[in-house]
Amino acid sequence: MHDQAEILRQRFQSGSTSARVCAVVSGKGGVGKSNLTINLALSLAKTGSKVLVMDLDIGMANLDILMGVHSRYNIVDLVEQQLPILDLIETGPDQVDYLAGGNGLNKLFELTSEQFNHFCQQMKVIQERYDHIFLDMAAGASRDSLQFITAADEVLLVTTPEPTAITDAYAMLKHIHQQESSGTISVIVNRVENKPEGDDVGMRIQRAARQFLQKEIKMLGMLPEDRTVYKAVKEQKPYRIYAPYSNVAKSVQKLAEIYHGTSDDSQKNEGFIQRFTRYFSRKQGTI
(Lines give C-alpha, C1' and ligand atoms only; values in the text may rest on other atoms or scores of the structure.)
Protein backbone atom coordinates (compact mmCIF):
# COMPACT_ATOMS: atom_id res chain seq x y z
CA MET A 1 0.00 0.00 0.00
CA HIS A 2 2.76 2.44 0.93
CA ASP A 3 4.73 1.54 -2.23
CA GLN A 4 1.71 2.51 -4.34
CA ALA A 5 1.43 5.85 -2.53
CA GLU A 6 5.13 6.55 -3.02
CA ILE A 7 4.86 5.83 -6.75
CA LEU A 8 1.98 8.32 -7.00
CA ARG A 9 3.90 10.98 -5.07
CA GLN A 10 6.89 10.60 -7.39
CA ARG A 11 4.67 10.91 -10.44
CA PHE A 12 3.28 14.21 -9.15
CA GLN A 13 6.39 15.79 -7.67
CA SER A 14 6.71 18.15 -10.64
CA GLY A 15 4.24 20.59 -9.09
CA SER A 16 0.67 21.20 -8.04
CA THR A 17 -2.33 21.88 -10.23
CA SER A 18 -6.02 22.47 -9.77
CA ALA A 19 -8.06 19.63 -11.17
CA ARG A 20 -11.23 20.00 -13.17
CA VAL A 21 -13.79 17.96 -11.26
CA CYS A 22 -16.40 16.57 -13.63
CA ALA A 23 -19.47 14.52 -12.69
CA VAL A 24 -20.54 12.09 -15.40
CA VAL A 25 -24.28 11.41 -15.10
CA SER A 26 -27.21 9.86 -16.95
CA GLY A 27 -30.96 9.85 -16.53
CA LYS A 28 -31.18 6.07 -16.76
CA GLY A 29 -28.92 3.05 -16.69
CA GLY A 30 -27.69 1.23 -19.77
CA VAL A 31 -26.58 4.25 -21.81
CA GLY A 32 -22.86 3.46 -21.54
CA LYS A 33 -21.95 6.12 -18.98
CA SER A 34 -19.22 4.22 -17.10
CA ASN A 35 -17.68 2.87 -20.29
CA LEU A 36 -17.57 6.35 -21.76
CA THR A 37 -16.00 7.73 -18.58
CA ILE A 38 -13.14 5.23 -18.68
CA ASN A 39 -12.40 5.70 -22.35
CA LEU A 40 -12.64 9.49 -22.15
CA ALA A 41 -10.17 9.38 -19.25
CA LEU A 42 -7.81 7.16 -21.25
CA SER A 43 -8.00 9.53 -24.21
CA LEU A 44 -7.20 12.54 -22.02
CA ALA A 45 -4.25 10.66 -20.53
CA LYS A 46 -2.92 10.25 -24.08
CA THR A 47 -2.63 14.05 -24.27
CA GLY A 48 -0.36 14.01 -21.21
CA SER A 49 -3.03 14.91 -18.65
CA LYS A 50 -3.01 13.37 -15.19
CA VAL A 51 -6.42 11.76 -14.79
CA LEU A 52 -8.26 10.15 -11.87
CA VAL A 53 -11.62 8.36 -12.06
CA MET A 54 -13.67 7.89 -8.89
CA ASP A 55 -16.45 5.31 -8.93
CA LEU A 56 -19.49 6.78 -7.13
CA ASP A 57 -22.06 4.53 -8.79
CA ILE A 58 -23.96 3.11 -5.80
CA GLY A 59 -25.05 -0.48 -6.38
CA MET A 60 -23.36 -0.69 -9.79
CA ALA A 61 -19.75 0.19 -8.99
CA ASN A 62 -17.91 -1.62 -11.77
CA LEU A 63 -15.14 0.55 -13.18
CA ASP A 64 -12.46 -1.92 -12.12
CA ILE A 65 -14.33 -4.76 -13.82
CA LEU A 66 -14.65 -2.81 -17.07
CA MET A 67 -10.91 -2.13 -16.96
CA GLY A 68 -10.08 -5.74 -16.15
CA VAL A 69 -8.18 -4.88 -12.97
CA HIS A 70 -8.45 -5.90 -9.34
CA SER A 71 -8.92 -3.27 -6.64
CA ARG A 72 -7.40 -3.86 -3.23
CA TYR A 73 -9.10 -0.84 -1.68
CA ASN A 74 -12.09 1.33 -2.42
CA ILE A 75 -13.68 4.63 -1.51
CA VAL A 76 -15.51 3.07 1.44
CA ASP A 77 -12.11 2.37 3.04
CA LEU A 78 -11.33 6.05 2.62
CA VAL A 79 -14.25 7.21 4.76
CA GLU A 80 -14.70 4.28 7.16
CA GLN A 81 -11.05 3.81 8.07
CA GLN A 82 -10.03 7.42 7.30
CA LEU A 83 -7.02 6.25 5.30
CA PRO A 84 -4.83 8.49 3.12
CA ILE A 85 -6.31 8.60 -0.36
CA LEU A 86 -2.94 8.14 -2.06
CA ASP A 87 -2.68 4.75 -0.36
CA LEU A 88 -5.97 3.68 -1.95
CA ILE A 89 -5.68 4.93 -5.52
CA GLU A 90 -4.78 2.28 -8.07
CA THR A 91 -3.11 2.83 -11.43
CA GLY A 92 -5.02 1.32 -14.31
CA PRO A 93 -4.25 0.99 -18.02
CA ASP A 94 -2.18 3.74 -19.68
CA GLN A 95 -1.50 5.54 -16.38
CA VAL A 96 -5.13 6.39 -15.66
CA ASP A 97 -5.63 6.26 -11.89
CA TYR A 98 -8.88 5.16 -10.30
CA LEU A 99 -10.56 4.70 -6.94
CA ALA A 100 -13.04 1.82 -6.91
CA GLY A 101 -16.52 2.10 -5.43
CA GLY A 102 -16.86 -1.19 -3.58
CA ASN A 103 -19.69 -2.59 -1.49
CA GLY A 104 -21.42 -0.31 0.98
CA LEU A 105 -20.79 2.77 -1.13
CA ASN A 106 -24.01 4.30 0.20
CA LYS A 107 -22.09 4.94 3.44
CA LEU A 108 -20.20 7.64 1.57
CA PHE A 109 -23.43 9.65 1.67
CA GLU A 110 -23.87 9.16 5.42
CA LEU A 111 -20.73 10.90 6.63
CA THR A 112 -20.19 12.02 10.18
CA SER A 113 -18.57 15.42 10.67
CA GLU A 114 -15.20 13.75 11.30
CA GLN A 115 -15.46 11.59 8.18
CA PHE A 116 -16.60 14.57 6.16
CA ASN A 117 -13.56 16.61 7.20
CA HIS A 118 -11.24 13.73 6.33
CA PHE A 119 -12.91 13.29 2.95
CA CYS A 120 -12.49 16.99 2.13
CA GLN A 121 -8.84 16.96 3.21
CA GLN A 122 -8.16 14.01 0.95
CA MET A 123 -10.02 15.59 -1.97
CA LYS A 124 -7.77 18.61 -1.58
CA VAL A 125 -4.74 16.32 -1.82
CA ILE A 126 -5.82 14.86 -5.15
CA GLN A 127 -7.05 18.17 -6.57
CA GLU A 128 -3.49 19.40 -6.27
CA ARG A 129 -2.12 16.37 -8.13
CA TYR A 130 -4.42 15.82 -11.10
CA ASP A 131 -5.56 17.76 -14.14
CA HIS A 132 -8.90 15.96 -14.41
CA ILE A 133 -11.00 14.12 -11.83
CA PHE A 134 -14.07 12.28 -13.12
CA LEU A 135 -16.86 11.25 -10.75
CA ASP A 136 -18.73 8.33 -12.28
CA MET A 137 -22.14 8.83 -10.70
CA ALA A 138 -25.08 6.43 -10.42
CA ALA A 139 -27.81 6.70 -13.05
CA GLY A 140 -30.67 8.99 -12.08
CA ALA A 141 -30.80 11.50 -9.25
CA SER A 142 -30.91 11.12 -5.51
CA ARG A 143 -30.56 13.76 -2.82
CA ASP A 144 -27.14 12.43 -1.91
CA SER A 145 -25.71 12.03 -5.40
CA LEU A 146 -26.87 15.55 -6.28
CA GLN A 147 -24.60 16.78 -3.49
CA PHE A 148 -21.60 15.60 -5.51
CA ILE A 149 -23.02 16.54 -8.89
CA THR A 150 -23.76 20.15 -7.98
CA ALA A 151 -20.38 20.51 -6.26
CA ALA A 152 -18.52 19.45 -9.41
CA ASP A 153 -17.02 22.07 -11.68
CA GLU A 154 -19.03 20.70 -14.58
CA VAL A 155 -21.39 17.92 -15.57
CA LEU A 156 -21.36 15.57 -18.56
CA LEU A 157 -24.84 14.22 -19.24
CA VAL A 158 -24.78 10.98 -21.23
CA THR A 159 -27.82 9.81 -23.18
CA THR A 160 -28.70 7.74 -26.24
CA PRO A 161 -31.26 8.31 -29.03
CA GLU A 162 -33.78 6.05 -27.29
CA PRO A 163 -36.92 8.05 -26.37
CA THR A 164 -36.83 6.86 -22.73
CA ALA A 165 -33.17 7.85 -22.42
CA ILE A 166 -33.91 11.33 -23.79
CA THR A 167 -36.87 11.79 -21.44
CA ASP A 168 -34.83 10.65 -18.44
CA ALA A 169 -31.92 12.87 -19.48
CA TYR A 170 -34.21 15.90 -19.39
CA ALA A 171 -35.56 14.79 -15.99
CA MET A 172 -31.96 14.64 -14.78
CA LEU A 173 -31.40 18.18 -16.03
CA LYS A 174 -34.40 19.37 -14.04
CA HIS A 175 -33.06 17.80 -10.84
CA ILE A 176 -29.67 19.46 -11.31
CA HIS A 177 -31.30 22.79 -12.18
CA GLN A 178 -33.42 22.67 -9.02
CA GLN A 179 -30.19 22.53 -6.99
CA GLU A 180 -29.27 25.93 -8.44
CA SER A 181 -26.08 24.56 -9.94
CA SER A 182 -24.14 27.24 -11.81
CA GLY A 183 -21.70 24.88 -13.52
CA THR A 184 -21.61 24.01 -17.19
CA ILE A 185 -23.68 21.03 -18.32
CA SER A 186 -22.68 19.33 -21.56
CA VAL A 187 -24.47 16.55 -23.42
CA ILE A 188 -22.85 13.51 -25.00
CA VAL A 189 -25.09 11.36 -27.20
CA ASN A 190 -23.88 7.77 -27.18
CA ARG A 191 -24.63 4.94 -29.62
CA VAL A 192 -25.83 7.06 -32.54
CA GLU A 193 -26.41 5.52 -35.97
CA ASN A 194 -25.23 8.67 -37.75
CA LYS A 195 -24.38 12.32 -37.16
CA PRO A 196 -27.85 13.73 -38.00
CA GLU A 197 -29.37 11.46 -35.36
CA GLY A 198 -26.89 12.67 -32.73
CA ASP A 199 -27.39 16.31 -33.69
CA ASP A 200 -31.16 15.90 -33.46
CA VAL A 201 -31.01 14.42 -29.95
CA GLY A 202 -28.65 17.13 -28.78
CA MET A 203 -30.79 19.93 -30.19
CA ARG A 204 -33.96 18.48 -28.64
CA ILE A 205 -32.36 18.45 -25.18
CA GLN A 206 -30.91 21.93 -25.67
CA ARG A 207 -34.26 23.30 -26.84
CA ALA A 208 -36.15 21.79 -23.90
CA ALA A 209 -33.60 23.10 -21.39
CA ARG A 210 -33.73 26.57 -22.90
CA GLN A 211 -37.53 26.69 -23.10
CA PHE A 212 -38.51 25.17 -19.76
CA LEU A 213 -35.46 25.72 -17.54
CA GLN A 214 -33.96 28.86 -19.09
CA LYS A 215 -30.69 26.95 -19.06
CA GLU A 216 -28.11 26.80 -21.85
CA ILE A 217 -26.76 23.30 -22.42
CA LYS A 218 -23.67 22.57 -24.50
CA MET A 219 -23.51 19.77 -27.03
CA LEU A 220 -20.06 18.26 -26.47
CA GLY A 221 -20.32 15.53 -29.08
CA MET A 222 -21.47 12.02 -29.93
CA LEU A 223 -20.20 8.46 -30.16
CA PRO A 224 -21.30 5.92 -32.77
CA GLU A 225 -23.00 2.58 -32.29
CA ASP A 226 -20.13 0.11 -32.57
CA ARG A 227 -19.95 -3.62 -31.86
CA THR A 228 -16.39 -3.03 -30.70
CA VAL A 229 -17.77 -1.79 -27.38
CA TYR A 230 -19.59 -5.06 -26.72
CA LYS A 231 -16.52 -7.12 -27.65
CA ALA A 232 -14.25 -5.00 -25.44
CA VAL A 233 -16.57 -5.37 -22.44
CA LYS A 234 -16.50 -9.15 -22.84
CA GLU A 235 -12.70 -9.02 -22.79
CA GLN A 236 -12.76 -6.61 -19.81
CA LYS A 237 -10.70 -4.06 -21.70
CA PRO A 238 -11.54 -0.42 -22.46
CA TYR A 239 -12.32 -0.16 -26.18
CA ARG A 240 -9.76 2.65 -26.43
CA ILE A 241 -7.14 -0.04 -25.75
CA TYR A 242 -8.91 -3.10 -27.20
CA ALA A 243 -9.39 -1.54 -30.65
CA PRO A 244 -7.66 1.86 -30.80
CA TYR A 245 -8.47 2.33 -34.51
CA SER A 246 -12.17 1.49 -34.27
CA ASN A 247 -14.75 4.16 -35.06
CA VAL A 248 -15.80 4.50 -31.43
CA ALA A 249 -12.21 4.77 -30.18
CA LYS A 250 -11.37 7.48 -32.72
CA SER A 251 -14.59 9.30 -31.81
CA VAL A 252 -13.88 9.29 -28.08
CA GLN A 253 -10.37 10.60 -28.77
CA LYS A 254 -11.89 13.50 -30.71
CA LEU A 255 -14.36 14.03 -27.86
CA ALA A 256 -11.47 14.19 -25.38
CA GLU A 257 -9.70 16.80 -27.49
CA ILE A 258 -12.85 18.95 -27.54
CA TYR A 259 -13.30 18.52 -23.79
CA HIS A 260 -9.66 19.34 -23.11
CA GLY A 261 -10.02 22.56 -25.09
CA THR A 262 -12.98 23.81 -23.07
CA SER A 263 -13.15 25.22 -19.55
CA ASP A 264 -15.84 26.53 -17.22
CA ASP A 265 -14.87 30.05 -16.17
CA SER A 266 -18.09 30.48 -14.18
CA GLN A 267 -16.80 28.08 -11.53
CA LYS A 268 -13.37 29.67 -11.01
CA ASN A 269 -14.47 31.74 -8.02
CA GLU A 270 -15.30 28.68 -5.94
CA GLY A 271 -13.86 25.16 -5.90
CA PHE A 272 -15.31 21.68 -5.52
CA ILE A 273 -14.52 21.43 -1.81
CA GLN A 274 -16.11 24.80 -1.02
CA ARG A 275 -19.29 23.90 -2.90
CA PHE A 276 -19.37 20.40 -1.41
CA THR A 277 -18.99 21.84 2.09
CA ARG A 278 -21.82 24.29 1.49
CA TYR A 279 -24.19 21.57 0.28
CA PHE A 280 -23.20 19.22 3.10
CA SER A 281 -23.78 21.97 5.65
CA ARG A 282 -27.20 22.68 4.20
CA LYS A 283 -28.09 18.99 4.47
CA GLN A 284 -26.71 18.43 7.97
CA GLY A 285 -27.46 21.81 9.48
CA THR A 286 -24.54 21.34 11.86
CA ILE A 287 -21.23 21.71 10.05
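Look up a bit, the structure's there.
Predicted model, so just to flag it, every value in this text is computed and none were measured.

1. Considering the packing of aromatic side chains
Stage number 1. Inspection of every chain in the model, using the stated rule, returns seven aromatic pairs.
Stage number 2. With a centroid separation of 5.5 Å and 15 degrees between ring planes, the pair formed by F116 and F276 is classed as stacked. Taken together, the residues F116 in helix α5 (residues 113–127) and F276 in helix α12 (residues 272–284) connect sequence positions 160 residues apart.
Stage number 3. Judged by its relative accessible area of 1%, F276 falls in the buried class.

2. A closer look at the packing of helix α2 (residues 33–46) against helix α11 (residues 247–260)
Stage number 1. Viewed as axis vectors pointing N to C, α2 and α11 meet at an angle of 70 degrees, and their least axial separation amounts to 8 Å. When the interaxial angle is binned, α2 and α11 end up roughly perpendicular. The two elements α2 and α11 meet at a crossing, and its hand is right-handed. Within the contact between the two elements, α2 uses N39, L40, S43, L44 and K46 and α11 uses V252, Q253, L255, A256, Y259 and H260.
Stage number 2. Taken together, the residues that form the contact of α2 with α11 break down as six nonpolar, four polar and one charged.

The rules we used
- Residues numbered from 1 in each chain as written.
- Predicted model: local features only at pLDDT ≥ 70, side-chain atom pairs only at ≥ 80, totals over all residues.
- Heavy atoms only, no water.
- Phe/Tyr/Trp six-rings, centres within 6.5 Å; stacked < 30°, edge-to-face > 60°.
- Helix = DSSP H or I, 4+ residues; strand = E, 2+ residues; numbered from the N terminus.
- Buried < 20%, exposed > 50% of the residue type's maximum accessible area, 1.4 Å probe, protein only.
- Axes fitted to C-alpha atoms, helices over the stretch in contact; angles between N-to-C directions.
- Parallel < 35°, antiparallel > 145°, perpendicular 65-115°, else oblique.
- Left-handed = near helix turned anticlockwise from the far one by under 90°.
- Contact = heavy atoms within 4.5 Å.
- Nonpolar A, V, L, I, M, F, W, Y, C, P; charged D, E, K, R; others polar.

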